[in-house]
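For reference, the chains in residue letters:
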Amino acid sequence: MAEVGRTGISYPGALLPQGFWAAVEVWLERPQVANKRLCGARLEARWSAALPCAEARGPGTSAGSEQKERGPGPGQGSPGGGPGPRSLSGPEQGTACCELEEAQGQCQQEEAQREAASVPLRDSGHPGHAEGREGDFPAADLDSLWEDFSRSLARGNSEMLAFLTSSGAGSQPEAQRELDVVLRTVIPKTSPHCPLTTPRREIVVQDVLNGTVTFLPLEEDDEGNLKVKMSNVYQIQLSHSKEEWFISVLIFCPERWHSDGIVYPKPTWLGEELLAKLAKWSVENKKTDFKSTLSLISIMKYSKAYQELKEKYKEMVKVWPEVTDPEKFVYEDVAIAAYLLILWEEERAERGLTARQSFVDLGCGNGLLVHILSSEGHPGRGIDVRRRKIWDMYGPQTQLEEDAITPNDKTLFPDVDWLIGNHSDELTPWIPVIAARSSYNCRFFVLPCCFFDFVGRYSRRQSKKTQYREYLDFIKEVGFTCGFHVDEDCLRIPSTKRVCLVGKSRTYPSSREASVDEKRTQYIKSRRGCPVSPPGQELSPSPPWVAAGSAGHRDGQQALDARVGCVARAWAAEHGAGPQAEGPWLPGFHPREKAERVRNCAALPRDFIDQVVLQVANLLLGGKQLNTRSSRNGSLKTWNGGESLSLAEVANELDTETLRRLKRECGGLQTLLRNSHQVFQVVNGRVHIRDWREETLWKTKQPEAKQRLLSEACKTRLCWFFMHHPDGCALSTDCCPFAHGPAELRPPRTTPRKKIS
């Protein structure tokens, strides 16, 4: 046995040992956050087991001579005060979800009781397995695997037994050891640079009494049976000595450690990188309001699909004709497409279907997601209010339509299996409604981004949540009101808004469609007449079923019915009750304009911009602050740099009509001044005249490639200071990047656009 790393934790206020077990759970469930060559992990089973009694061990098997004071016992050492590490009362499906999910007004104990009641109980010591998941093992095979391993420990493998139990001072040799055991599958990333693509299974043995977690790799024998390998065994250990906590990483047999650089890194990585991550996670004690990544689908299937699609569509980055970032948008849509393809593949397996699901992408934007899904065999189309340049590149097999969607009886899709809302803005809350009313079998997938209500922007109602978390709960509430079981998942995409909501099934039989639709109508109207909280007060929080998904939906439905009925009656009293009018489902909804309006001051008339720039510059130069500095040619030049004024002081000097015109633009006066980069600097809310002598010194320190680009842009615009400043330009003609007069102007450099070969 060898210790490859050890670190002390003296962070004030660190919640240990609870924080240690939370860190262990992160490494168990999401190893990819530390080891970037992994795609993830799947916890296939968790059960309680016992090791042989201490009498079976031979003498001289102490794990070390150092006196250690271990962490508290099982009743004290787990996060949340539970018995040891977070136990599962049932099998895990796919990637384990984050330990702390939103409770929405219910304490952790009530949540645990609800989860325990939702799955069948099984006897301690008998490992369960995830029904219907790939690569699962029957409970009998897992029992046999553990019994064979236990017998080998009792018959003479005393060193391994001592390593597992950390025998020595502080242990209880007379008692039989009960442990928490996890069967884990580690999934490497699939890529041309990583030839190892086969998932590796291992048994993880957690001894809460001694504060140890041991990782035992599994291998197949000649007959195809799994057995524990004696190589690549390592342990994470928590100890306490002299009022300080320590985390250590130990290897059972260093000479048998074989590193593949992926699943089994070098021992130095375990002792440095992994140990540092564990120490950091142990003291962070961060709660999360979101599910773990890719919790609804198979990570192995997703990893394979993503790498195949990425390789297939990577050329799109080179020919991207839009002004948006191609790296972000191409790989984001590839990841979303991979997720949907696996989600739909598993749905077909669950329902016994062979035909590929059809879809409509509402607010499809650049249409790349539609193109990928269609190319992979799913019939569908995309609709957006504005046509994009890239649409012409896809070919006739990709159906994209330029049209505005207004939610009404004419915008239903009765023959479509799935509705997609990928950053669909004002359509996002309507997509569950359109799906519910299209047909009983229609499902939905939404990836919310911008915060819209049924009409206009979404208004926050709870300050205790982030705006993003509150908006996700609102969309979940809409989905549940429409009669869907709404699942939440977190995608692997380069975006801060990466939580998706999926409505795959209904909470009611098809015979109740009419009564459920009446509740939908009442709910939508209640949002139009939604009361606003008085200052200093908040509306009551969302009911618990919003965060808990479909669990306990009957109680949640009753609470929702009461709340919706109350608000709807108030709305009807004010606006008049009666049957639903033809046309839009809710008056006041306006789709985006077909022509995207530019509101960054760039579309303002040139004369107006020049007038404001000259007025502000004269205002700053009125301060007569002289600035004597050396030019790059070494000569001294006195130049009026003006004074600095706050944006509010500048605005006070402008006339009312100018301010009114600027207010209609995003950012107003500040945006216009920032756009006039040649003349002004806006720093910390204060406006300054830009001194290009400082800028020139900065540019000489840039890399050669960037200097070359800057030189190519020189002299393509007139120098404002040469034309308007009372002292002229602070730089000489050969040093100024702008043209001193029309004679120096050069034509702007144009970059030829690449075409598809």
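To keep things clear, this report deals only with the structure shown in the data block.

Here is what the cut-offs are and how they apply
- Residues numbered from 1 in each chain as written.
- Predicted model: local features only at pLDDT ≥ 70, side-chain atom pairs only at ≥ 80, totals over all residues.
- Heavy atoms only, no water.
- Pairing = 2+ DSSP bridges.
- Helix = DSSP H or I, 4+ residues; strand = E, 2+ residues; numbered from the N terminus.
- Axes fitted to C-alpha atoms, helices over the stretch in contact; angles between N-to-C directions.
- Expected span 1.5 Å × (residues − 1).
- Buried < 20%, exposed > 50% of the residue type's maximum accessible area, 1.4 Å probe, protein only.
- Salt bridge = Lys/Arg side-chain N within 4 Å of Asp/Glu carboxyl O.

## A look at the sheet that holds strand β13 (residues 443-447)
Here seven strands make up an open sheet; going across it, the order is β11-β10-β9-β12-β13-β15-β14 and the pairing mixed. Both edges of this open sheet fall to β11 (399-402) and β14 (484-490), since each of them pairs with a single strand only. The mean angle between the axes of side-by-side strands here comes to 20 degrees, regardless of whether they run parallel or antiparallel. Across seven bridges, the pairing between β14 and strand β15 (residues 499-506) is antiparallel. Bridged to E488 within β15 is L501.

## Quick notes on helix α14 (residues 606-621)
Along its 16 residues, α14 runs 22 Å from first to last C-alpha, staying within 8% of the 22 Å computed at 1.5 Å per residue. Turning to α14, its buried residues number three or more, namely F608, I609, V612, V613, V616, A617, L620 and L621.

## Digging into the pattern of salt bridges
Counted by the stated rule, this structure contains 31 salt bridges. Close ionic contact of R660 with E657 constitutes a salt bridge, the shortest N to O distance being 2.9 Å. Placement of the pair is R660 and E657 together in helix α16 (residues 656-663), with a separation of three residues, close to one helical turn. Note on E657: relative accessible area 43%, which makes it partly exposed. In this structure, K715 engages E744 in a salt bridge whose closest nitrogen and oxygen atoms are separated by 3.3 Å.

## With respect to helix α9 (residues 430-438)
When you tally the buried positions in α9, you get nine out of nine residues, the bulk of the element. All of the buried residues in α9 are W430, I431, P432, V433, I434, A435, A436, R437 and S438.

Interpretation note: all reported values are geometric properties and have no functional meaning in isolation.
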